[in-house]
Amino acid sequence: MALKAGIVGLPNVGKSTLFNAITNSHVLAENYPFATINPNTGVVLVPDERLDYLTKVFNPKKKINATFDFYDIAGLVKGASKGEGLGNQFLAAIRECDAIVEVVRCFDNAAVLRYNEEPVDPANDIDVINLELSMADLDTVNNRIGKMESKARITKDKQALYEMPILTAIKAVLEEGKSARTVKGLTSDQLEYAKKNFFLLSLKPILYVANVADSDYADLDNCAYYQTVKAIAAQENAECIPLSCGIEYEISQLSSEEEKKEFLESIGATESGLDKLVKASYKLLNLSTFLTCGTDECRAWTFRKGMTAPQCAGIIHSDFEKGFIKAEVYKFEDFKTYGSELAVKEAGKLRFEGKDYVMQDGDVVFFRFNV
């Protein structure tokens, strides 16, 4: 299940440095606008302590984490919705992503240029990006209204009649310069319909990354820039992850897990900001993990919440879904409690589930099928 999040932000806020740290790669990270023109792509592992635990117990030939794609997208400037800067490329790249990770500058450094040469202002930076996405969406909504309005009024077309109230509500929000995801008064079904059919940029789920100074990382309560971003995220029911892109890049360059652990301990952290970011991005898209294990391979598999056992079997191989018979399932926590599959079974914690079973995060499963 290939899923991707686009790393976006104004020029020189730390996007490419963050991308380098996430993927341990070496894309261009220069101190001038538009150092990134075409989106760079990186596949990263989703950290999973459960998979690590199972791997220690089963000692398989292979361990395979779930993965997540991150796109490093060109910096956006005011007027992007009208084609300014690299606006058209920027917006097109975002359309290809499932979620948005917006990096916001929360540090002062005269050596790092500001795209507008004005003082650091996280709230303004967020407004610039949100406004450009909203204005691009407003064009999309107006075009769709132009096609649907007469159908609804004259021919009473069912689709048009259903869409018009949704479009009208979203248009009102966009005209205020707000994101479509802040719209009120729509049912969950209407909102889901809009996501699947209107392809709006500002309706995509968003995660804010506050790129703070190294010196502020250990004292976030007193970092005014971070608190500003955190408050804005809270208003949108979005999450805000504080991290120092510079520190994260340093951590990514360490050669061993032991060195990384020592470094984190030295700054008073239990896990890296990048691990938090990857996990939060995974959660942002309503994703969960089921696990398969054995002496050959222990593996984490990504699925969307609400998927049934046969659908999840199909993620492994289409034949598994076609010939699905049943799923042998137990909870990872039960395995950790009892210590072995045999003990889990003897304790009555191993279940046999059929086609209607909705898979849960942390399920350890063996699919039986016949093709």
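These numbers were taken from a predicted model, which means no experiment stands behind them.

### Brief notes about helix 4 (residues 122-155)
The terminal C-alpha atoms of helix 4, which comprises 34 residues, lie 48 Å apart, in line with the 50 Å expected from a rise of 1.5 Å per residue. Where helix 4 ends, the next residue or the one after it, Lys 156, has phi of about 55 degrees, a positive value.

### A short note on the packing of helix 4 against helix 5 (residues 158-175)
Relative to each other, helix 4 and helix 5 sit at 150 degrees, their axes nearing to 9 Å. Between helix 4 and helix 5, the crossing angle belongs to the class labelled roughly antiparallel. Handedness of the helix 4/helix 5 crossing: left-handed. Contact residues: Ser 134, Met 135, Asp 137, Leu 138, Val 141, Asn 142, Arg 144, Ile 145, Met 148, Glu 149, Lys 151 and Ala 152 in helix 4; Gln 159, Ala 160, Leu 161, Glu 163, Met 164, Leu 167, Ile 170, Lys 171, Leu 174 and Glu 175 in helix 5. In terms of residue class, the contact of helix 4 with helix 5 is built from 12 nonpolar, 3 polar and 7 charged.

### Here's the deal with the layout of surface pockets
Estimates place the volume of the largest pocket at around 1100 Å³. Around the largest pocket sit 30 residues that line it, and Pro 47, Glu 257, Lys 260, Ser 272 and Asp 275 are the ones nearest its centre. Listing elements by their share of the lining of the largest pocket, those giving two or more residues are helix 1 (15-23), strand 2 (40-45), helix 2 (49-58), helix 8 (245-252), helix 9 (257-266) and helix 10 (273-284). Looking at the lining of the largest pocket element by element, the count peaks at 5 residues for helix 9. The class makeup of the residues in the lining of the largest pocket is 12 nonpolar, 6 polar and 12 charged. Quantified by volume, the second largest pocket comes out at close to 530 Å³. Along the walls of the second largest pocket sit 15 residues, with Asp 98, Glu 192, Lys 195, Pro 205 and Arg 304 positioned nearest its centre. In terms of residue count, the dominant contributor to the lining of the second largest pocket is helix 6 (residues 188-197) (3 residues). By residue class, the composition of the lining of the second largest pocket is 6 nonpolar, 1 polar and 8 charged.

The rules behind each value
- Residues numbered from 1 in each chain as written.
- Predicted model: local features only at pLDDT ≥ 70, side-chain atom pairs only at ≥ 80, totals over all residues.
- Heavy atoms only, no water.
- Helix = DSSP H or I, 4+ residues; strand = E, 2+ residues; numbered from the N terminus.
- Expected span 1.5 Å × (residues − 1).
- Axes fitted to C-alpha atoms, helices over the stretch in contact; angles between N-to-C directions.
- Parallel < 35°, antiparallel > 145°, perpendicular 65-115°, else oblique.
- Left-handed = near helix turned anticlockwise from the far one by under 90°.
- Contact = heavy atoms within 4.5 Å.
- Nonpolar A, V, L, I, M, F, W, Y, C, P; charged D, E, K, R; others polar.
- 1 Å grid on protein atoms, 1.4 Å probe; cavity = no way out; pocket = protein on both sides within 12 Å on 5 of 7 lines; lining within 4 Å.
- Points joined across faces, edges and corners; volume = space filled by probe spheres on them.

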